[in-house]
Amino acid sequence: MKNITGYLCVSTIFLSGLFGAAVAETDNINYEYGGSVFLDTDSFDGVYNPEAIGSDQSTELRRAQLYFKAEFENDWSTKLQLAYDEENSSTKVKDAYVRYSGWGFADITIGQDKEPFSLGLMTSLKNSNAIERNVASQAFRLGRNLGVNLASANQDYSWTIGLYEVGEYGSDMTEGGGGKLALTGRLSLTPINNKSQVLHLGTSFSLRDLDGAEFEIESNAEVHGSMDVLDTRNIQADSLNQYALESAWIKGSVAVVGEVFYQDVEGTVDSVRALYNGYYIEGSYFLTNDSLSYKKGRFASVKPNANSGAWQLVLRHSYLDAEDNLDGMEISTSMLGVNYYYARTIKLMVNFTRTEMAGYDVEEFDRGDALSFRAQYRF
C-alpha cells in the first residue's frame, strides 16, 4: 500500500514538473472559462419529511460553479473548477488537474477529477434530464478524488482507468485509517453513432480499499431539499467492490437510457458483509425538433434547433435494494419531468417524484410525493 502511494506521489511530482516546463516554453495558450447557477425549490410530504405534519418546502441555491481551462500548444492542458456550498457557506475545489495528450494512444490526467464510473454519473448534472440523479446512482456515486488516470475516446469507443485516493463521496465513507486507494475504470462502445441514431453500451467497475473506514449509504430519494430518506447501518469496512452495466439508445427525438448497479461491501469482521444493488430506466421525448446530444461516451448539453427553444418530456423509474442483515430498506421512485431549453444558457425543469419504501427499517411512512422546480443558467 505504501509503495503504491509513493509511486503516485512521485509520478505526480514528475509530471507536474513537466507541465511547468511546458508552460514556460509556450506563448500560445487557449483559454476557456464559464460556470453555472442552479436555483431549486422543492415541495414534499410523507417519507421526505416524516416528522412534519402535512407538506414542507425548501428553496436553495443548489449550485454556483466557476471553471477555468487552459490549453497549450505542446499537448498540455489544465482545469480548475470551484463550487460555492450554500449550506456551509464555503467554496470547494471540484476539479483541479493537469493533462498531457501527446502520447497518442491515451491522455494522462493528474490531480482531482471525477472517477470514471457509470454513464449517468459521468454526465454532468447540468446536462441531466432530471433535477436530481436517480436513487440508484446516488447510492453508487464515487464523486471526485485525487488520482492519476489514462483515457482515450472517439466516436466509436471510450475507455478510462485510474488509481485514486479514496475520499468522501456519495455513500458517505468518511471515517477510518489512511492510505486507502481505489482502482476505477470504465469502457463504452458505440456500435451505432450517426446523425439519426446512437447506440451506446458500457460497463464500469471500482475496487476500493477502505482500510477499516465507516461506510454507509445515504440518499434523499431524488429530492435534494428533503431529509435523507435512506440511511443504512454503519459498517467497519475492509473493502468495497462495485460494478455497473449501462446502455443508451437515441433516435431522433426519442431516447432510452438504463443502468444496473451491484455493490459488495466486506467488513473488517469476517461475518459482516453487505450486498446492495439497484437500477434505473429513463425515457425522454422532445416535443420540438431536437435530440439529446451524445459525445465520446457521455451526454452533452442540448442546443435547441429553434430560436424559440426546446421542450422535453422525461419519465424515469429507479430502484435501490439497500436491505441486508435485518437492516435497511428497498426504495423505488417514479419521476415525471418537463424541461424547457433556451439556447445553451437557460434551462427550466419541473419534476414530480413519487417514492415508495419497504423493508426492515420502514416504520410509519412508506410513501412520499415531491414537486421540484429548477431554474438553471450557464455561461
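A brief report on the enclosed structure follows.

The rules we used
For every chain, the first residue of its written sequence is number 1, and the numbers climb from 1 along that sequence. Selection of residues for local features in this predicted model requires a pLDDT of at least 70, selection of side-chain atom pairs for listing and counting requires 80 or more, and totals for whole chains, interfaces and linings are taken over all residues. To get the side-chain values, all heavy atoms of the structure are used, and hydrogens and water are removed first. Each helix corresponds to a stretch of at least 4 residues labelled H or I by DSSP, and each strand to a stretch of at least 2 residues labelled E; elements are numbered beginning at the N terminus. In this description, contact between two residues means that some pair of their heavy atoms is separated by no more than 4.5 Å. In the analysis that follows, any N or O atom pair within 3.5 Å is treated as a polar contact, provided that within protein one partner can donate a hydrogen and the other can accept it, and provided that, for residues neighboring in sequence, both atoms belong to side chains. Among buried residues, the Ala, Val, Leu, Ile, Met, Phe, Trp, Tyr and Cys ones that are joined through side-chain atoms within 4.5 Å form a nonpolar core. In this scheme, a residue with accessible area under 20% of its type's maximum is buried, one over 50% is exposed, and one in between is partly exposed, where area comes from a 1.4 Å probe on protein chains only. Definition used for salt bridges: Asp or Glu carboxyl oxygen within 4 Å of a side-chain nitrogen of Lys or Arg.

A word on the environment of S284. Mapping S284 onto the fold places it in strand 14 (residues 273-286). Leave out the neighbours within four places in its chain, and S284 touches N129, S253, V254, A255, L292, Q312, L313 and V314.

Another point: the side chain of S204. Relative to the assigned elements, S204 resides in strand 9 (residues 197-215). From its side chain, S204 meets the backbone nitrogen of S118 in a polar contact 3.1 Å long. The residues touching S204, leaving out its near neighbours within four places in the chain, are P116, F117, S118, G185, R186, Q242, Y243, A244 and E246.

Below, the discussion takes up the nonpolar core. Across soluble globular proteins, nonpolar side chains have a tendency to be buried as a group. Core analysis: the largest hydrophobic core is formed by 49 residues, its most contacted members being Y48, F215, Y276 and F299. Contributing elements (two or more residues each) for this core: helix 2 (119-122), helix 3 (135-139), strand 9, strand 12 (235-251), strand 13 (254-267), strand 14, strand 17 (310-321) and strand 18 (330-342). The element contributing the most residues to this core is strand 12, with 6 residues. Filtering out sequence-adjacent residues up to four positions away, Y276 remains in contact with F140, F215, I217, T232, I235, F261, Y262, Q263, D321, A322 and D324. Among the nonpolar cores identified, the runner-up in size contains 8 residues, and A70, V98, Y100 and I110 belong to it.

Counted under the stated rule, the structure contains 14 salt bridges. With its nearest N and O atoms 2.9 Å apart, the salt bridge here joins R208 to E115. Of this pair, R208 sits in strand 9 while E115 sits in the loop between strand 5 (107-114) and helix 2, and the two are 93 residues apart along the sequence. The two residues R208 and E115 agree in class, both being buried. E356 is the salt-bridge partner of R367, the closest N and O atoms lying 2.7 Å from each other. A residue pair is termed long-range when its members are at least 10 positions apart, and R367 in strand 20 (residues 367-378) and E356 in strand 19 (residues 346-358) qualify at 11 residues. For R367, a relative accessible area of 42% corresponds to the partly exposed category. For E356, a relative accessible area of 34% puts it in the partly exposed group. Taken together, the shared-partner salt bridges in this structure form one network comprising D40, R62, E132 and R374.

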